[in-house]
Amino acid sequence: MLPLALQVRDATVRYGVVPAVTNLSLELAKGQITTIIGANGAGKSTLLNAIAGILPLEGSVAFFGQDIGKHSVEQRVADGLILIPERRELFGSMTVEENLLLGGYTQRAHIRTIMEGIYEDFPRLKERRKQEAATLSGGERQMLAMGRAMMAKPKVLLMDEPSLGLAPLIVREILDIVVRLKDLGVSILLVEQNARAALRIADMAYVMENGQCILAGTAAEVSANPRIEQIYLGHHTPASAGD
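A brief look at the structure comes next.

Thresholds applied
- Residues numbered from 1 in each chain as written.
- Predicted model: local features only at pLDDT ≥ 70, side-chain atom pairs only at ≥ 80, totals over all residues.
- Heavy atoms only, no water.
- Helix = DSSP H or I, 4+ residues; strand = E, 2+ residues; numbered from the N terminus.
- Rg over C-alpha atoms; globule rule 2.2 N^0.38 Å.
- Contact = heavy atoms within 4.5 Å.
- Areas by Shrake-Rupley, 256 points an atom, 1.4 Å probe, with all protein chains shown as cover.
- Lys, Arg positive; Asp, Glu negative; His and termini not counted.
- Charge placed at Lys NZ, Arg CZ, Asp CG, Glu CD.
- Phe/Tyr/Trp six-rings, centres within 6.5 Å; stacked < 30°, edge-to-face > 60°.
- Buried < 20%, exposed > 50% of the residue type's maximum accessible area, 1.4 Å probe, protein only.
- Pairing = 2+ DSSP bridges.
- Axes fitted to C-alpha atoms, helices over the stretch in contact; angles between N-to-C directions.

Before going further, it helps to spend a moment on the overall build of the chain. Helix and strand content of the chain: ten helices and ten strands. Its C-alpha atoms give the chain a radius of gyration of 18 Å, near enough to 18 Å, the size a compact globule of 243 residues would have. Taking the principal axes of the C-alpha coordinates as reference, the chain spans close to 65 × 40 × 40 Å. Residue pairs in contact within the chain that sit at least 24 positions apart in sequence constitute 67% of those at least 6 positions apart. For the chain, the exposed surface amounts to about 11,800 Å²; the carbon and sulfur share of it is 52%. Mean positive and mean negative side-chain charge positions of the chain (25 and 27 charges, respectively) differ by 4 Å.

For the structure on display, the rule yields one aromatic pair. Seen in terms of ring centroids, F63 and F64 are 5.0 Å apart; in terms of plane orientation they differ by 90°. Their pairing is edge-to-face. Accessibility expressed as a relative area gives 4% for F63, which makes it buried.

Read across the sheet, six strands follow the order β6-β7-β8-β3-β9-β10 without closing on themselves; strand pairing throughout is mixed. The open sheet terminates on both sides in strands that have one partner only, identified here as β6 (81–84) and β10 (212–218). Each adjacent strand pair in this sheet contributes to an overall mean axis angle of 15°, direction not counted. Here four bridges tie β6 to strand β7 (residues 156–160), and the two strands are oriented parallel to one another. In the strand pairing of β7, I84 is matched with M159. Helix-sheet contacts for helix α1 (residues 44–51) involve β3 (33–37), β6, β7, β8 (187–191) and β9 (204–209), and the interaxial angle to β7 is about 150°.

Have a look at this one:
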């Protein structure tokens, strides 16, 4: 059994008095991709933001066995827990290289060496290193967000909708990069509305509805569930006689 990189127990996250996530538990094994799928408003992004420390979380969060519930966002980043937010949040007026340097602020002693490694993994970023981030295409901006996160030498990446707004060919390229990051030893918790694509690359999967987990298992098990096939994967079972 693989050691756990991340363990969330009985998580509840509220906006004011309204719970957006309720009593949710999940695990991410070291070196694996675990995906969370569900409709808009299910609470997926809220959960990631709470794990990252941006929103208060009732319950517990353990990072490689250590309780980090009281750690600030900055402490979690220093621990190696990095969020790539849905909107990427790049500095548009800064160059690609300047954005990468900001991402590596916890790794100052080795920052140039790490950057050269990022350029090897993302050759398109090297080609555009002097361009302002605002001039990049959507796919390139997502690559920059991923590269900037990798500058911090993460152990766990929380990825929120990396395929959002991208053309299908670019989506495939971005998700191929997610798999490469896993191969580099990064554990990944992936929130993705493109359920079919997410389940194709994930090891484990959770399905959220109305702030709760309604199904969990291997990606193959979740993909084969008839309800998930019908609602999220677009497979509609013909009605039988008498239905």
